[in-house]
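Listed here are the chains, written in short residue letters.
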Amino acid sequence: MAQDVVSLNIGGVIFMTSMSTLKVSNSFFSGLVASCDEHSVPIFVDRDPTFFRHILNYIRGAKTYPSDESSVRQLMVEAEFYSMVEYVSFLQDRVAEVRKEGIAHGLRVLANKINL
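Nothing here was measured: the structure is a model prediction, and the numbers come from that model.

## Here's the deal with the overall build of the protein chain
When helices and strands are tallied, the protein chain shows five helices and three strands. Helices (α) and strands (β) of the protein chain occur, in sequence order from the N terminus, as β-β-α-α-β-α-α-α. Against the globule reference of 13 Å for 116 residues, the protein chain gives a C-alpha radius of gyration of 18 Å, more extended than a compact globule. Projected onto its principal axes, the C-alpha positions of the protein chain cover 70 × 25 × 25 Å. In the protein chain, which comprises 116 residues, the proportion classed as buried is 37%. Considering only intrachain contacts with a sequence separation of at least 6, the fraction spanning at least 24 residues in the protein chain is 53%. Surface summary for the protein chain: the accessible area is close to 7200 Å², and the carbon and sulfur share equals 54%.

Below you can see the structure in the form of structure tokens.
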């Protein structure tokens, strides 16, 4: 089973996962690992590693994302690069939610100031 472990070098940061995880992802990685052999690892991808943990978590089945809109938008760019259409859609919904929460918070603050 050790052969199933693959190292991904994302912009100089090493991430470890399994070939089987990457193969079922229906993304950039499914095609990439299908064409590699044990001599082509670690696989290097010249991208910023900042949000890659969220990308990998999504592939593993966990829908994680940052809490601020700017970071979610940056993660969306990465998800688009990795051809993760469903994750991009999920993140677009989260941006809308974050925006609504920010507006609601601003209105509460304004209402508190008016009621003083």
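Structure shown, so let's carry the discussion forward.
## A few points about unusual backbone geometry
Backbone geometry places S83, a non-glycine residue, at a positive phi of 60°. Note that S83 resides in the loop between α4 (69-81) and α5 (85-114). Judged by relative accessible area, S83 falls into the partly exposed class, the value being 41%.

## Quick word on the nonpolar core
Residues F52, I55 and Y87 are the most contacted members of the largest nonpolar core, which totals 28 residues. Elements supplying a minimum of two residues to this core: β1 (5-10), α1 (19-23), α2 (28-34), β3 (43-45), α3 (52-60), α4 and α5. Aside from chain neighbours lying at most four places away, what touches Y87 is H54, I55, Y58, T64, Y65, L75 and A79.

## Here we look at the pairing of strand β2 (residues 13-18)
Relative to β2, β1 runs antiparallel, the two sharing six bridges. By the bridge assignment, L8 is partnered in β2 with F15. Connecting the antiparallel pair β1 and β2 is a turn made up of two residues, with G11 showing a positive phi of about 55°.

## Focus: the pattern of salt bridges
The full count for this structure, using the stated rule, is four salt bridges. Residues E78 and R47 are paired through a salt bridge, measuring 2.9 Å at the closest nitrogen-oxygen approach. Within this pair, whereas E78 is found in helix α4, its partner R47 is found in the loop between β3 and α3, the two being separated by 31 residues in sequence. Under the relative-accessibility criterion, E78 is labelled buried at 10%. Measuring nitrogen to oxygen at the nearest pair gives 3.1 Å for the salt bridge that ties E69 to R73. Of this pair, E69 and R73 both sit in helix α4, separated by four residues, roughly a single helical turn. Sharing partners across several salt bridges, the network here consists of E69, R73 and R99.

## Quick notes on the sheet that holds β2
Ordered in space as β2-β1-β3, the three strands form an open sheet in which the pairing is mixed. Since the sheet does not close on itself, it has two edges, and those belong to β2 and β3, each with one partner. In this sheet, neighbouring strand axes are inclined to one another by 30° on average, regardless of whether the strands run parallel or antiparallel. Where β1 and β3 come together, three bridges link them in parallel fashion. For N9, the partnering residue across the bridge sits in β3 and is F44. Packed onto the sheet, α3 meets β1 and β2 and runs at close to 0° relative to β2.

Conventions used here
- Residues numbered from 1 in each chain as written.
- Predicted model: local features only at pLDDT ≥ 70, side-chain atom pairs only at ≥ 80, totals over all residues.
- Heavy atoms only, no water.
- Helix = DSSP H or I, 4+ residues; strand = E, 2+ residues; numbered from the N terminus.
- Rg over C-alpha atoms; globule rule 2.2 N^0.38 Å.
- Buried < 20%, exposed > 50% of the residue type's maximum accessible area, 1.4 Å probe, protein only.
- Contact = heavy atoms within 4.5 Å.
- Areas by Shrake-Rupley, 256 points an atom, 1.4 Å probe, with all protein chains shown as cover.
- Core = buried A, V, L, I, M, F, W, Y, C linked by side-chain atoms within 4.5 Å.
- Pairing = 2+ DSSP bridges.
- Salt bridge = Lys/Arg side-chain N within 4 Å of Asp/Glu carboxyl O.
- Axes fitted to C-alpha atoms, helices over the stretch in contact; angles between N-to-C directions.

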